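Summary of structural features
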Amino acid sequence: MFLHSRKYHMGVTPKICGLQQLLTKTRRSLCCTRKILKLPNAGWENMGQMATHATVFAQLVTPDGQCHGLHPFIAPLRDPTTHKPYPGVVIGDMGEKIGLNGIDNGYCMFNQYRIPKTYLLSRIGTVTEDGEYISPIQNPRRRFGAALGTLIGGRIGVCNLAVAYLTNAISIAVRYSAARRQFGPGEGPELSIIEYQLQQWRLFPHLAALFAFKAFTRAVNTRQFHISQALEDPAEMLSKADELLEMHAVTSAAKAVCSWTAAQAIQECREACGGHGYLKCAGLGELRNNNDSNCTYEGENNVLQQQASNWLLQLWRRRDNSRFPSPLGSVSFLYQTQPDKMAARTEADLCHPPVILQAYQWLVCWLVQKTSETYNAHVKLGKDSFTARNHSQVFNARTLSIVYIEHYIIQCFWDLCCQATDGNIRAVLTKLCALYALTSIEKHLVYLYQGGYIQGPAESQLIQSAILSLCDQLRLEAVALVDSVAPPDFVLNSALGHSNGEVYKNLQQAFLQSPGSMQRPAWWTELSGRYRSRL
């Protein structure tokens, strides 16, 4: 296995450290009991024309009027024989979207629709024949965490989708940049545009983000697999409740950051390929439209991130306790004393990922305290809890969620770097980890200054200098890196990103295959007649 290739080698290299391996999600069978429960009106997706059943989350209200929170139900939608909706079910297709039109998105509404009690998925709670609610998890907070376990898989899936789109986009842009030549010093040959610092700065941080996200999704997929296995045993549910809550916070924040980063990366890759990137045969426009749905799948990103910040604020309020739940270790530093100042003084210091991880840990603690203080200030002004949370989002809770998950992504990537046994591979992965960490922390410099972690221009300039230095060091590795993760050419389906590096031949072939590209327009005779009449 190798990473160092001859300059801009366009061949396919072996996969790096198994980063492409994604663990498949398991599905659990759930037991049910009897009786009748009524569901409220609801609407959701993936049922436009084909689905006969759906899993519905609804509030479980027992005959005594007590609400026991969200529980999953199986809701039959269509008769499997006739494929017509059942009485009380209004269901249909949602029409065309800006992308992913092969997916059967639909809407569904219930009108006084009743289902048997046997359709309650009763792993976290059931209702007896007498209408009494029984649950193996007595604590409502832990029971809610167990209920959220089924949503975690969906958000991990969106992260995986964003990684796939990001993989394709950065593969196309880096390969194109290696093959495309333009300008150069003096009378010498023109340079590949990947040689230009500006092009490196535009693309390589996204390449680093790709490998960081692959390390992160590999870790959470593995964790989710083991959680799912453990939950097969009802006795394990209580022990996994805190882990499910943390996974809910992690995946809620990660889904937003992964999909946002992919959206920004695809647009940057499109522009970095110039006018060629605007061609449909480049493949970037379709990637952009398809990834756009990830920003609203499983919850709109800005709203979804509040799940993570709310969990962090709850932990912060309990900081006087000697123990707090963080089975994943994503906030194991939260109650520890953090250094007041950045210790790094050289580029070499900054290119060591633990230094940036330490800065992130300080920033998470500072932001959670700042957000808590902002919330408390609104409460003291007489605002209710909902309004106080609402007015604590911008520059506070929203940023806290982003910083929190960026820290955990870097942590997962650094753990993977430390596991690499090959020295050359570990060196390249460390550069990628440092580049992702530095470009991410640079976006939060204003908060590092506000909190006094850095002072004066020297440290921020050092961060910028280290970013450019890492980009230059990765220049000769970039093509081999994308070769190691890019899908086969028939899957990538891009004239710009083909592994043969023959951009102009590929473009010519795509142009020639375009229907009617070399034919006269149907109205040419009319235009020719008008021209002759003027003569």
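The shown structure was predicted, so the numbers you read here are calculated from the model rather than taken from an experiment.

Per the secondary structure count, the protein includes 17 helices and 8 strands. Within the protein, the fraction of its 535 residues that count as buried is 51%. When contacts within the protein are restricted to residue pairs at least 6 apart in sequence, long-range pairs at least 24 apart make up 72% of them.

In this section: unusual backbone geometry. One non-glycine residue, Gln112, adopts positive backbone phi at about 50 degrees. Looking at where Gln112 falls in the secondary structure, it is placed in the loop between strand E5 (106–110) and strand E6 (114–116). We classify Gln112 as exposed; its relative accessible area is 60%.

Within the structure shown, the criterion is met by 6 aromatic pairs. Ring plane angle 20 degrees and centroid distance 5.3 Å describe the contact between Phe110 and Tyr113, whose orientation is recorded as stacked. Aromatic ring contacts, followed pair by pair, group Trp362, Trp366 and Tyr453 into a single cluster. Above the ring of Tyr375, the side-chain terminus of Arg317 is found at 5.2 Å from the ring centroid. Directly above the ring of Trp524 sits Arg520, whose terminal nitrogen or CZ lies 3.9 Å from the centroid.

Now for the nonpolar core. A general feature of soluble globular proteins is that nonpolar side chains tend to end up buried together. Of all hydrophobic cores here, the largest spans 125 residues; its most connected members are Tyr404, Ile405 and Leu432. Broken down by element, this core gets its largest block of residues, 16 residues, from helix H4 (residues 237–272). The residues contacting Leu432, other than those within four sequence positions of it, are Leu207, Ala208, Phe211, Phe413, Leu474 and Leu481. Ranked by size, the runner-up nonpolar core spans 18 residues in total, among them Ala51, Val56, Ala58 and Ile91.

The rules behind these values
- Residues numbered from 1 in each chain as written.
- Predicted model: local features only at pLDDT ≥ 70, side-chain atom pairs only at ≥ 80, totals over all residues.
- Heavy atoms only, no water.
- Helix = DSSP H or I, 4+ residues; strand = E, 2+ residues; numbered from the N terminus.
- Buried < 20%, exposed > 50% of the residue type's maximum accessible area, 1.4 Å probe, protein only.
- Contact = heavy atoms within 4.5 Å.
- Phe/Tyr/Trp six-rings, centres within 6.5 Å; stacked < 30°, edge-to-face > 60°.
- Lys NZ or Arg CZ within 6 Å of the ring centre and 35° of its normal.
- Core = buried A, V, L, I, M, F, W, Y, C linked by side-chain atoms within 4.5 Å.

Read these as layout, nothing more, since geometry by itself doesn't imply function.
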